[in-house]
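These are the residues of each chain, in order.
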Amino acid sequence: MKTAADNTQPNTQPPVQHKKKRTLRPSRILLHLALIIGSLVMAGPFIWMGLSSLKSFEQMFSVPPTIIPDPVMWSNFTDSLTAMPFGRAYWNSFYISTIVVVSQIITCSMAAYAFAKLKFPGSKFLFIAFLATMMVPMQVTLIPLYLILDSLGWVNTHLSIIVPNALFNAFGVFLLRQFMLGIPKEMEEAAVMDGANPAFIYLRIMLPLIKPALAAFGIFSFIGIWNNFIQPLTFLSSTELFTVPLLLAMFKGLYVTQWPLLMAGATISVVPVLIIYFFAQRQIIEGIALTGVKG
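Sequence order sets the numbering: in each chain, residues are counted from 1 along the sequence as written. At least 70 in pLDDT is required for a residue's local features to be given in this predicted model, at least 80 for side-chain atom pairs to be given and counted, and no such filter applies to totals for whole chains, interfaces and linings, which use all residues. Water and hydrogen atoms were dropped before computing side-chain values, which therefore reflect all heavy atoms in the structure.

(A) Structural context of a nonpolar patch on the surface. On the surface, a nonpolar cluster with roughly 400 Å² of combined accessible area is contributed by L30, L33, I37 and V41. Structurally, the position occupied by I37 is in helix α2 (residues 26-52). Here the term patch refers to residues with relative accessible area over 30% and no salt bridge, with like charges joined within 9 Å and nonpolar side chains (Val, Leu, Ile, Met, Phe, Trp, Tyr) within 5 Å. Methods summary: accessible areas were calculated by the Shrake-Rupley approach with a probe of 1.4 Å, and residue burial reflects only the protein chains presented. The salt bridge definition used is simple: a Lys or Arg side-chain nitrogen within 4 Å of an Asp or Glu carboxyl oxygen. Starting at the N terminus, helices and strands are each numbered in turn, a helix being any DSSP run of H or I of at least four residues and a strand any DSSP run of E of at least two.

Right under this line is the structure:
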(Lines give C-alpha, C1' and ligand atoms only; values in the text may rest on other atoms or scores of the structure.)
Protein backbone atom coordinates (compact mmCIF):
# COMPACT_ATOMS: atom_id res chain seq x y z
CA MET A 1 0.00 0.00 0.00
CA LYS A 2 1.22 3.52 -0.86
CA THR A 3 1.36 5.96 1.94
CA ALA A 4 0.98 9.72 1.77
CA ALA A 5 4.73 10.07 2.09
CA ASP A 6 5.22 8.04 -1.11
CA ASN A 7 2.92 10.32 -3.09
CA THR A 8 4.85 13.46 -2.24
CA GLN A 9 7.02 14.74 -5.11
CA PRO A 10 10.49 16.16 -4.46
CA ASN A 11 10.73 19.92 -4.65
CA THR A 12 12.61 20.62 -7.88
CA GLN A 13 12.18 24.38 -7.85
CA PRO A 14 15.41 26.31 -7.26
CA PRO A 15 15.59 28.19 -4.02
CA VAL A 16 14.66 31.82 -4.21
CA GLN A 17 17.78 33.95 -4.24
CA HIS A 18 17.45 37.31 -2.60
CA LYS A 19 19.50 40.06 -4.15
CA LYS A 20 21.87 41.66 -1.76
CA LYS A 21 21.44 45.35 -1.48
CA ARG A 22 24.64 47.23 -2.14
CA THR A 23 25.34 49.58 0.67
CA LEU A 24 26.93 52.90 -0.14
CA ARG A 25 29.96 53.02 2.06
CA PRO A 26 31.59 56.38 2.73
CA SER A 27 34.83 55.21 1.12
CA ARG A 28 33.01 54.26 -2.09
CA ILE A 29 31.20 57.60 -2.17
CA LEU A 30 34.48 59.46 -1.74
CA LEU A 31 36.11 57.35 -4.48
CA HIS A 32 33.34 58.09 -6.98
CA LEU A 33 33.37 61.77 -6.02
CA ALA A 34 37.12 61.95 -6.60
CA LEU A 35 36.74 60.22 -9.98
CA ILE A 36 33.98 62.62 -11.04
CA ILE A 37 36.06 65.64 -10.04
CA GLY A 38 39.08 64.24 -11.86
CA SER A 39 37.01 63.61 -14.99
CA LEU A 40 35.68 67.17 -14.95
CA VAL A 41 39.20 68.54 -14.54
CA MET A 42 40.47 66.47 -17.46
CA ALA A 43 37.48 67.32 -19.67
CA GLY A 44 37.44 70.99 -18.65
CA PRO A 45 39.81 72.30 -21.37
CA PHE A 46 37.97 70.36 -24.07
CA ILE A 47 34.58 71.65 -22.89
CA TRP A 48 35.94 75.20 -22.74
CA MET A 49 37.32 74.83 -26.28
CA GLY A 50 33.96 73.61 -27.59
CA LEU A 51 32.02 76.42 -25.94
CA SER A 52 34.52 79.05 -27.05
CA SER A 53 34.21 77.89 -30.65
CA LEU A 54 30.56 79.02 -30.56
CA LYS A 55 31.21 82.48 -29.11
CA SER A 56 31.76 85.81 -30.77
CA PHE A 57 35.01 87.71 -30.39
CA GLU A 58 33.42 90.05 -27.82
CA GLN A 59 32.09 87.15 -25.74
CA MET A 60 35.54 85.61 -25.53
CA PHE A 61 36.80 88.56 -23.44
CA SER A 62 33.60 89.68 -21.72
CA VAL A 63 33.70 90.47 -17.99
CA PRO A 64 32.26 88.57 -16.21
CA PRO A 65 33.12 85.61 -18.44
CA THR A 66 30.35 84.20 -20.62
CA ILE A 67 30.04 80.46 -20.09
CA ILE A 68 27.16 79.64 -22.43
CA PRO A 69 27.45 81.43 -25.80
CA ASP A 70 24.52 83.72 -26.56
CA PRO A 71 23.93 83.91 -29.46
CA VAL A 72 25.51 80.69 -30.72
CA MET A 73 27.92 81.48 -33.56
CA TRP A 74 27.75 78.37 -35.76
CA SER A 75 29.32 80.40 -38.52
CA ASN A 76 32.69 80.15 -36.76
CA PHE A 77 33.14 76.63 -38.12
CA THR A 78 32.46 77.59 -41.73
CA ASP A 79 34.58 80.72 -41.39
CA SER A 80 37.50 78.74 -39.98
CA LEU A 81 37.33 76.29 -42.89
CA THR A 82 37.26 79.05 -45.49
CA ALA A 83 39.78 81.37 -43.84
CA MET A 84 42.59 78.85 -44.29
CA PRO A 85 43.06 75.86 -46.67
CA PHE A 86 41.88 73.40 -44.06
CA GLY A 87 40.75 70.83 -46.62
CA ARG A 88 44.29 70.48 -47.95
CA ALA A 89 45.75 70.45 -44.44
CA TYR A 90 43.33 67.71 -43.36
CA TRP A 91 44.32 65.59 -46.32
CA ASN A 92 48.02 66.16 -45.61
CA SER A 93 47.66 65.16 -41.97
CA PHE A 94 45.50 62.15 -42.81
CA TYR A 95 47.67 60.55 -45.43
CA ILE A 96 50.92 61.31 -43.59
CA SER A 97 49.51 59.77 -40.39
CA THR A 98 48.21 56.72 -42.26
CA ILE A 99 51.51 55.99 -44.00
CA VAL A 100 53.52 56.46 -40.80
CA VAL A 101 51.17 54.28 -38.72
CA VAL A 102 51.21 51.40 -41.22
CA SER A 103 54.99 51.61 -41.56
CA GLN A 104 55.56 51.73 -37.81
CA ILE A 105 53.28 48.74 -37.21
CA ILE A 106 55.32 46.71 -39.71
CA THR A 107 58.80 47.76 -38.55
CA CYS A 108 58.04 47.76 -34.82
CA SER A 109 56.30 44.37 -34.86
CA MET A 110 59.24 42.82 -36.73
CA ALA A 111 61.75 44.30 -34.29
CA ALA A 112 59.62 43.26 -31.32
CA TYR A 113 59.46 39.69 -32.61
CA ALA A 114 63.23 39.60 -32.99
CA PHE A 115 63.82 40.93 -29.46
CA ALA A 116 61.15 38.73 -27.85
CA LYS A 117 61.51 35.37 -29.61
CA LEU A 118 64.78 35.23 -31.54
CA LYS A 119 68.03 34.66 -29.70
CA PHE A 120 71.12 36.31 -31.11
CA PRO A 121 74.34 37.68 -29.56
CA GLY A 122 73.95 41.08 -27.96
CA SER A 123 70.15 41.13 -28.17
CA LYS A 124 69.67 42.39 -24.60
CA PHE A 125 72.30 45.11 -24.95
CA LEU A 126 70.88 46.18 -28.30
CA PHE A 127 67.37 46.32 -26.84
CA ILE A 128 68.55 48.47 -23.91
CA ALA A 129 70.39 50.79 -26.31
CA PHE A 130 67.26 50.93 -28.45
CA LEU A 131 65.15 51.95 -25.46
CA ALA A 132 67.75 54.55 -24.48
CA THR A 133 66.75 56.56 -27.53
CA MET A 134 63.45 57.31 -25.78
CA MET A 135 65.37 59.40 -23.25
CA VAL A 136 66.89 61.65 -25.92
CA PRO A 137 64.66 64.70 -26.56
CA MET A 138 63.63 65.22 -30.15
CA GLN A 139 64.95 68.79 -30.03
CA VAL A 140 68.49 67.44 -29.58
CA THR A 141 68.40 65.52 -32.86
CA LEU A 142 66.44 68.13 -34.79
CA ILE A 143 69.44 70.01 -36.23
CA PRO A 144 71.38 66.88 -37.34
CA LEU A 145 68.18 65.51 -38.84
CA TYR A 146 67.60 68.76 -40.71
CA LEU A 147 71.12 68.64 -42.18
CA ILE A 148 70.61 65.04 -43.31
CA LEU A 149 67.25 65.77 -44.90
CA ASP A 150 68.60 68.91 -46.55
CA SER A 151 71.44 66.93 -48.13
CA LEU A 152 68.85 64.50 -49.49
CA GLY A 153 66.71 67.32 -50.85
CA TRP A 154 63.74 66.37 -48.68
CA VAL A 155 63.31 69.67 -46.82
CA ASN A 156 59.94 71.30 -47.60
CA THR A 157 58.55 67.95 -48.70
CA HIS A 158 56.36 65.46 -46.84
CA LEU A 159 59.19 62.93 -47.00
CA SER A 160 60.89 64.88 -44.21
CA ILE A 161 57.91 64.04 -41.96
CA ILE A 162 57.13 60.54 -43.20
CA VAL A 163 60.51 58.80 -43.49
CA PRO A 164 62.11 59.63 -40.09
CA ASN A 165 58.93 58.69 -38.22
CA ALA A 166 58.18 55.60 -40.33
CA LEU A 167 61.55 53.94 -39.81
CA PHE A 168 61.19 53.04 -36.14
CA ASN A 169 59.46 53.84 -32.86
CA ALA A 170 61.16 52.75 -29.66
CA PHE A 171 57.95 52.89 -27.65
CA GLY A 172 56.17 50.70 -30.21
CA VAL A 173 58.93 48.09 -30.10
CA PHE A 174 58.79 48.00 -26.30
CA LEU A 175 54.99 47.76 -26.24
CA LEU A 176 54.77 44.94 -28.78
CA ARG A 177 57.74 43.06 -27.32
CA GLN A 178 56.14 42.99 -23.88
CA PHE A 179 52.96 41.62 -25.42
CA MET A 180 54.84 38.93 -27.34
CA LEU A 181 56.58 37.81 -24.16
CA GLY A 182 53.16 36.77 -22.87
CA ILE A 183 52.62 34.31 -25.74
CA PRO A 184 53.45 30.73 -24.59
CA LYS A 185 56.63 29.26 -26.04
CA GLU A 186 54.83 25.97 -26.64
CA MET A 187 52.93 27.49 -29.57
CA GLU A 188 56.16 28.51 -31.25
CA GLU A 189 57.83 25.18 -30.51
CA ALA A 190 54.88 23.29 -31.98
CA ALA A 191 55.09 25.37 -35.15
CA VAL A 192 58.84 24.70 -35.41
CA MET A 193 58.23 20.96 -35.09
CA ASP A 194 55.79 21.22 -37.99
CA GLY A 195 58.49 22.79 -40.12
CA ALA A 196 57.57 26.48 -39.79
CA ASN A 197 60.29 29.06 -40.25
CA PRO A 198 60.54 32.37 -38.29
CA ALA A 199 58.82 34.32 -41.06
CA PHE A 200 55.82 31.95 -41.01
CA ILE A 201 55.63 32.10 -37.19
CA TYR A 202 55.73 35.90 -37.27
CA LEU A 203 53.04 36.26 -39.95
CA ARG A 204 50.66 33.43 -39.05
CA ILE A 205 51.04 33.11 -35.27
CA MET A 206 52.43 36.27 -33.70
CA LEU A 207 50.57 38.95 -35.65
CA PRO A 208 47.07 37.44 -35.14
CA LEU A 209 47.73 37.03 -31.41
CA ILE A 210 48.92 40.62 -30.84
CA LYS A 211 46.02 42.39 -32.56
CA PRO A 212 44.99 44.24 -29.34
CA ALA A 213 48.52 45.56 -28.88
CA LEU A 214 48.74 46.52 -32.56
CA ALA A 215 45.46 48.42 -32.28
CA ALA A 216 46.61 50.25 -29.14
CA PHE A 217 49.95 51.17 -30.67
CA GLY A 218 48.27 52.23 -33.91
CA ILE A 219 46.04 54.68 -32.05
CA PHE A 220 48.94 56.12 -30.05
CA SER A 221 51.01 56.47 -33.21
CA PHE A 222 48.18 58.13 -35.14
CA ILE A 223 47.54 60.65 -32.36
CA GLY A 224 51.25 61.45 -32.10
CA ILE A 225 51.68 62.03 -35.84
CA TRP A 226 48.37 63.89 -36.19
CA ASN A 227 49.36 66.31 -33.41
CA ASN A 228 53.00 66.60 -34.49
CA PHE A 229 53.93 70.27 -34.63
CA ILE A 230 57.66 70.77 -34.18
CA GLN A 231 58.76 68.71 -37.20
CA PRO A 232 56.35 70.29 -39.74
CA LEU A 233 57.26 73.71 -38.34
CA THR A 234 60.96 72.99 -38.89
CA PHE A 235 60.90 71.17 -42.23
CA LEU A 236 57.92 72.69 -44.09
CA SER A 237 57.62 76.22 -45.44
CA SER A 238 54.95 75.99 -48.17
CA THR A 239 51.36 76.56 -47.07
CA GLU A 240 50.00 73.80 -49.33
CA LEU A 241 52.19 71.30 -47.46
CA PHE A 242 51.10 72.34 -43.96
CA THR A 243 49.40 69.90 -41.60
CA VAL A 244 46.46 70.73 -39.33
CA PRO A 245 48.46 71.76 -36.21
CA LEU A 246 50.73 73.99 -38.27
CA LEU A 247 47.80 75.62 -40.06
CA LEU A 248 46.01 76.29 -36.76
CA ALA A 249 49.04 78.26 -35.60
CA MET A 250 48.53 80.66 -38.50
CA PHE A 251 45.34 81.95 -36.84
CA LYS A 252 47.55 83.68 -34.28
CA GLY A 253 48.33 87.03 -35.85
CA LEU A 254 50.97 89.56 -34.90
CA TYR A 255 48.49 91.99 -33.34
CA VAL A 256 45.07 90.29 -33.32
CA THR A 257 44.22 86.62 -32.94
CA GLN A 258 40.83 85.34 -34.06
CA TRP A 259 40.31 83.14 -31.02
CA PRO A 260 36.77 81.94 -31.92
CA LEU A 261 37.98 80.75 -35.33
CA LEU A 262 41.05 79.18 -33.71
CA MET A 263 38.87 77.31 -31.22
CA ALA A 264 36.53 76.19 -34.00
CA GLY A 265 39.44 74.88 -36.05
CA ALA A 266 40.92 73.12 -33.02
CA THR A 267 37.55 71.49 -32.29
CA ILE A 268 37.32 70.22 -35.86
CA SER A 269 40.88 68.88 -35.71
CA VAL A 270 40.03 66.74 -32.68
CA VAL A 271 37.12 64.98 -34.41
CA PRO A 272 39.17 62.33 -36.33
CA VAL A 273 41.06 61.32 -33.20
CA LEU A 274 37.84 61.04 -31.17
CA ILE A 275 36.20 58.92 -33.86
CA ILE A 276 39.14 56.52 -34.04
CA TYR A 277 39.33 56.25 -30.25
CA PHE A 278 35.57 55.68 -29.99
CA PHE A 279 35.69 52.65 -32.29
CA ALA A 280 38.98 51.24 -30.96
CA GLN A 281 38.82 51.99 -27.24
CA ARG A 282 38.20 48.34 -26.35
CA GLN A 283 41.33 47.23 -28.19
CA ILE A 284 43.33 50.03 -26.58
CA ILE A 285 42.31 49.05 -23.05
CA GLU A 286 42.88 45.36 -23.74
CA GLY A 287 46.25 45.99 -25.31
CA ILE A 288 47.51 48.12 -22.42
CA ALA A 289 46.10 45.71 -19.80
CA LEU A 290 47.79 42.64 -21.31
CA THR A 291 51.11 44.21 -22.29
CA GLY A 292 52.75 43.67 -18.91
CA VAL A 293 51.70 40.01 -18.64
CA LYS A 294 54.60 37.66 -19.29
CA GLY A 295 54.37 33.93 -19.98
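Resuming the write-up.
(B) Highlighting the packing of helix α11 (residues 198-209) against helix α12 (residues 211-226). α12 packs onto α11 with a crossing angle of 65° between their chain directions and a minimal axis gap of 5 Å. Between α11 and α12, the angle falls in the class roughly perpendicular. Of the residues in α12, those in contact with L207, P208 and L209 of α11 are K211, P212 and L214. All residues other than Ala, Val, Leu, Ile, Met, Phe, Trp, Tyr, Cys, Pro, Asp, Glu, Lys and Arg, Gly among them, are scored as polar; the first ten of these are nonpolar and the last four charged. For the contact of α11 with α12, the class distribution of residues is five nonpolar, no polar and one charged. To define axes, lines are fitted to C-alpha atoms, for helices over the stretch in contact only, and angles between the resulting N-to-C directions are given on a 0 to 180 degree scale. Oblique is the label for any angle not covered by the other classes, which are roughly parallel (under 35 degrees), roughly antiparallel (over 145) and roughly perpendicular (65 to 115). In what follows, a contact means two residues having at least one pair of non-hydrogen atoms within 4.5 Å.

(C) Seen up close, the side chain of R177. With respect to the helices and strands, the residue R177 is situated in helix α9 (residues 170-181). Categorising residues by exposure relies on relative accessible area from a 1.4 Å probe, with only protein chains included: less than 20% of the type maximum marks a residue as buried, more than 50% marks it as exposed, and the intermediate range marks it as partly exposed. As used throughout, the charge tally considers Lys and Arg to be positive and Asp and Glu to be negative, leaving His and the chain termini uncounted. Look at R177: it is buried, it has no salt bridge, and the nearest opposite charge is E188 at 12 Å. In this structure R177 touches A112, F115, A116 and F127, once residues within four positions along its chain are discounted.

(D) Main features of the packing of aromatic side chains. Think of it this way: a Phe, Tyr or Trp ring, Trp meaning its six-membered ring, pairs with another when their centres are within 6.5 Å, and the plane angle makes it stacked under 30 degrees, edge-to-face over 60, tilted otherwise. Tallied over the full model, the rule gives 14 aromatic pairs. Clustering of aromatic rings is evident, with ring pairs tying together F115, F120, F127, F130 and F168. Either the NZ atom of lysine or the CZ atom of arginine qualifies as a charge over a ring when it sits within 6 Å of the ring centre and within 35 degrees of the ring normal. Positioned over the ring face of F127 is R177, at 4.1 Å from the centre of the ring.

(E) Spatial organisation of the nonpolar core. For the purposes of this section, nonpolar cores are sets of buried Ala, Val, Leu, Ile, Met, Phe, Trp, Tyr and Cys residues that join through side-chain atoms within 4.5 Å. With 33 residues, the main nonpolar core has F86, V244, L248 and F251 as its most contacted residues. For this core, the elements supplying multiple residues, two or more each, are α5 (86-117), α7 (138-152), α8 (159-167), α12, α14 (244-248) and α15 (259-291). For this core, the element with the most residues is α15, which contributes seven residues. By size, the runner-up hydrophobic cluster in this structure holds 24 residues, among which are A116, F179, I205 and F217.

(F) Broad picture of α8. Burial in α8 covers these residues: S160, I161, I162, P164, N165 and A166. In this structure, the buried side of α8 is in contact with α5, α7, α12 and α13 (230-235).

(G) Local environment of the environment of T133. One can find T133 in the loop between α6 (123-132) and α7. Residue T133 is classed as partly exposed on the basis of its relative accessible area of 36%. When the C-alpha atoms of T133 and N169 are compared, they prove to be 9.4 Å apart, with 36 residues separating the residues in sequence. If we ignore the near neighbours within four places in the chain, the residues touching T133 are F168 and A170.

(H) Examining the packing of α5 against α11 more closely. Running from amino to carboxyl end, α5 crosses α11 at an angle of 110°, the nearest separation of the two axes being 11 Å. In terms of axis orientation, α5 runs roughly perpendicular to α11. Where α5 approaches α11, its residues I106, S109, M110, Y113 and K117 are matched on the opposing element by P198, I201, Y202, M206 and L207. For the contact of α5 with α11, the class distribution of residues is eight nonpolar, one polar and one charged.

(I) Summary view of the environment of D70. Along the chain, the position of D70 falls in the loop between α3 (57-60) and α4 (75-83). Expressed as a C-alpha distance, the spacing of D70 and L54, which sit 16 residues apart in the sequence, is 8.6 Å.

(J) Seen up close, α2. A helix is expected to span 1.5 Å for every residue after the first. Look at α2: 38 Å from first C-alpha to last across 27 residues, which is about the 39 Å you get at 1.5 Å a residue. The angle between axes fitted to the seven residues ending at a residue and the seven residues starting there is what we call the bend at that residue. Along its length, α2 reaches its greatest deviation from straightness, about 45°, at A43, and the proline P45 lies no more than four positions downstream.

(K) Broad picture of unusual backbone geometry. For the bond from V63 to P64, the omega torsion is 0°, close enough to zero to count as cis. Here P64 is to be found in the loop between α3 and α4. Not every positive phi belongs to a glycine, and N156 is a case in point at roughly 65°. In this fold, N156 is placed in the loop between α7 and α8. Here N156 falls in the partly exposed class, since its relative accessible area comes to 25%.

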